[in-house]
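The primary structure of each chain is shown beneath.
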Amino acid sequence: MRISIKGLGISGLYLYERLRQGGFNVSGFDIKRPDFYIPCAYATNLYLMKPFMSKIGVDFEEYVFHHAESIILAGERGMSVEFRSAGLVTFDRNRLQMDLMGGIAMKNDQDADIVVDATGISRYYLGRDPGDITYYTKEYLTDRSSHDDFYFLFLERGNGYLWEFPLDKGHFHVGVGSRVYDDLHRIDQQERIKITGRKIRMKPLFESARRGNIVGIGEAVGTVSPLTGEGILPSIESAELLYDLISHGSDPDEVIRSYTKKLRDRFSSYYQLSEFVERVQAGNLLRPSNLRYAGPISREMKHFGIDFSLVKAVRSLI
Ligand SMILES: Cc1cc2nc3c(=O)[nH]c(=O)nc-3n(C[C@H](O)[C@H](O)[C@H](O)COP(=O)(O)OP(=O)(O)OC[C@H]3O[C@@H](n4cnc5c(N)ncnc54)[C@H](O)[C@@H]3O)c2cc1C
């Protein structure tokens with residue numbers, strides 16, 4: 001099987017390395033400048049990321065900037081809850097991706113058996129989906145922050161959140177992501193060294209994860225948590241699902257069919273979490289019927305690396 005990966009962001013690079021090291025006929029192509037500063041807060045769960053990176057021969061700890069000790073989740077009406085870390089770190093995503101990119105001779109293969117759309121927000125090869133939901137984001141690299149550890153400020157009506165995440169050498173990412181464009185002004189008063197941002201996909205698009213021999217991984221198909229916006233690990237996880245099927249299959253059509261099914265199964269909680277966010281946005285946060293989302297919410301926060309307790313969070317809300 002010949003595989004062509006379009007988009008060498010975090011999921012495309014991971015899949016490329018898995019396939020290359022597994023002896024497959026794989027090529028990769030990306031359009032960005034080598035020194036492009038990746039718009040992302042660079043937070044992930046060390047304990048989950050490490051095993052994936054070691055599969056491609058990367059010692060992830062070498063890239064870690066900051067280990068969380070205390071994580072504050074706050075709301076606009078003054079409530080605030082502190083949680084411990086369950087592996088939350090920031091890491092040098094630019095250096096990691098540059099190192100992985102180093103050895104790749106870029107090739108835009110037109111005749112592959114499987115074309116992987118890993119172009120993230122653009123879905124350049126799969127095409128637009130009419131049901132798509134994206135939020136606006138803006139982020140500053142700065143050396144000032146009002147908190148010295150991880151801080152999340154959730155916006156009214158579940159519109160999104162503002163973050164302050166420590167990096168290394170006294171630097172921070174301070175950013176905001178919201179479905180409301182005007183919320184981007186909320187960080188304007190902050191001093192900055194660099195500014196970045198792009199839209200982020202907040203809806204699973206697993207039903208449109210394939211078009212002919214084109215199949216999507218990562219944010220192109222919506223592997224971004226509708227609750228936290230976490231997209232790094234979920235995108236790598238989707239790449240691993242596809243790798244596993246390619247390495248055990250010989251028929252491209254069958255590989256793609258099994259992959260789209262596995263994608264829906266693995267990320268089925270994203271449908272529930274999307275539903276929960278919609279309810280919050282409709283003003284229905286404290287409804288007893290929301291109890292059914294308790295499990296997926298707690299699991300999602302822990303996946304991101306936060307030792308979350310719903311009871312503690314609800315107590316502070318009330
Ligand atoms: C402001 C912000 C903060 C975030 N913070 C976090 C965070 O702290 N933790 C977290 O887990 N997630 C975070 N996310 C989400 C996360 O960054 C993404 O979901 C994740 O990078 C998706 O990985 P990917 O490989 O699918 O796409 P990307 O990493 O976005 O890669 C897509 C690649 O495709 C390339 N490309 C685009 N168009 C084409 C084309 N036509 N042809 C070839 N190549 C193309 C791009 O150059 C890029 O390299 C954040 C997102 C934003 C916007």
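Now for a quick tour of the structure. Not measured: the values here are computed from a predicted model.

**Brief notes about the packing of helix α4 (residues 232–248) against helix α5 (residues 252–266)**
Step number 1: At a minimum axis separation of 9 Å, α4 and α5 run at an interaxial angle of 145 degrees. For the element pair α4 and α5, the recorded crossing hand is right-handed. Together, Glu237, Ser238, Leu241, Leu242, Asp244, Leu245 and Ile246 of α4 and Val255, Ser258, Tyr259, Lys262, Leu263 and Arg266 of α5 make up the contact between the two elements.
Step number 2: When its residues are assigned to classes, the contact of α4 with α5 shows seven nonpolar, two polar and four charged.

**Considerations on helix α6 (residues 269–281)**
Step number 1: In this model, α6 (13 residues) spans 18 Å end to end at C-alpha, consistent with the 18 Å of a helix rising 1.5 Å per residue.
Step number 2: Taken together, the buried positions of α6 are occupied by Ser269, Tyr270, Leu273, Ser274, Phe276, Val277, Val280 and Gln281. Within α6, the buried residues cover an arc of 160 degrees as seen down the axis, which keeps them to one side.
Step number 3: Positive phi appears at glycine 283, one or two residues downstream of α6, with a value of about 90 degrees.

**Some details on the site of the ligand**
Step number 1: In the vicinity of the ligand, 34 residues are found, and the nearest of them are Ser11, Asp30, Lys32, Arg93 and Glu219.
Step number 2: Taking lysine 32, its side chain carries an N or O atom lying 2.7 Å from an oxygen atom of the ligand.
Step number 3: In the environment of the ligand, an oxygen atom lies 2.9 Å from a nitrogen or oxygen atom belonging to the backbone of isoleucine 232.
Step number 4: Out of a free accessible area of 1000 Å², the ligand has 91% covered by protein chains.
Step number 5: Taken together, the elements giving at least two residues each to the shell around the ligand come down to α1 (10–21) and α4.

**Let's talk about the packing of aromatic side chains**
Step number 1: One pass over the full model with this rule turns up 19 aromatic pairs.
Step number 2: Ring geometry for phenylalanine 152 versus tyrosine 161: centroids 5.2 Å apart, planes at 55 degrees, classification tilted. Comparing phenylalanine 152 with tyrosine 161, the two get one shared label, buried.
Step number 3: Judged by centre distance (6.4 Å) and plane angle (40 degrees), the rings of tryptophan 163 and phenylalanine 165 are tilted.

**With respect to the environment of isoleucine 246**
Step number 1: As for its placement among the helices and strands, isoleucine 246 is situated in helix α4.
Step number 2: Using a relative accessible area of 1% as the deciding quantity, one classes isoleucine 246 as buried.
Step number 3: For the pair isoleucine 246 and isoleucine 256, spaced 10 residues apart in the sequence, the C-alpha separation amounts to 8.7 Å.
Step number 4: Filtering out sequence-adjacent residues up to four positions away, isoleucine 246 remains in contact with Met1, Ile3, Leu19, Phe24, Ile114 and Val255.

**Some remarks on the packing of α1 against α4**
Describing two packed helices takes the angle between their axes plus the distance from one axis to the other.
Step number 1: Contact pair α1 / α4: the axes reach a minimum separation of 8 Å and the direction vectors enclose 30 degrees. When the axis of α1 is compared with that of α4, the two are roughly parallel. When you trace α1 past α4, the crossing you get is right-handed. On the side of α1, the interface is formed by Ile10, Ser11, Tyr14, Leu15, Arg18 and Leu19, while α4 contributes Ile232, Ser235, Ile236, Ala239, Glu240, Leu242, Tyr243 and Ile246.
Step number 2: Partitioned by chemical class, the residues of the contact of α1 with α4 number 10 nonpolar, two polar and two charged.

**Examining the side chain of aspartate 117**
Step number 1: Within the secondary structure, aspartate 117 sits in strand β8 (residues 114–117).
Step number 2: As a buried residue without a salt bridge, aspartate 117 has its nearest oppositely charged side chain in arginine 123, at a separation of 6.2 Å.
Step number 3: When residues no more than four places from it in sequence are discounted, the contact partners of aspartate 117 are Lys6, Arg123, Tyr124, Tyr125, Leu126, Ile214, Val215, Gly216, Ile217 and Ala220.

The rules we used
- Residues numbered from 1 in each chain as written.
- Predicted model: local features only at pLDDT ≥ 70, side-chain atom pairs only at ≥ 80, totals over all residues.
- Heavy atoms only, no water.
- Axes fitted to C-alpha atoms, helices over the stretch in contact; angles between N-to-C directions.
- Helix = DSSP H or I, 4+ residues; strand = E, 2+ residues; numbered from the N terminus.
- Left-handed = near helix turned anticlockwise from the far one by under 90°.
- Contact = heavy atoms within 4.5 Å.
- Nonpolar A, V, L, I, M, F, W, Y, C, P; charged D, E, K, R; others polar.
- Expected span 1.5 Å × (residues − 1).
- Buried < 20%, exposed > 50% of the residue type's maximum accessible area, 1.4 Å probe, protein only.
- Arc of directions from axis to C-beta.
- Near = heavy atom within 4 Å.
- Polar contact = N/O pair within 3.5 Å; in protein donor to acceptor, adjacent residues only side chain to side chain.
- Areas by Shrake-Rupley, 256 points an atom, 1.4 Å probe, with all protein chains shown as cover.
- Phe/Tyr/Trp six-rings, centres within 6.5 Å; stacked < 30°, edge-to-face > 60°.
- Parallel < 35°, antiparallel > 145°, perpendicular 65-115°, else oblique.
- Lys, Arg positive; Asp, Glu negative; His and termini not counted.
- Salt bridge = Lys/Arg side-chain N within 4 Å of Asp/Glu carboxyl O.

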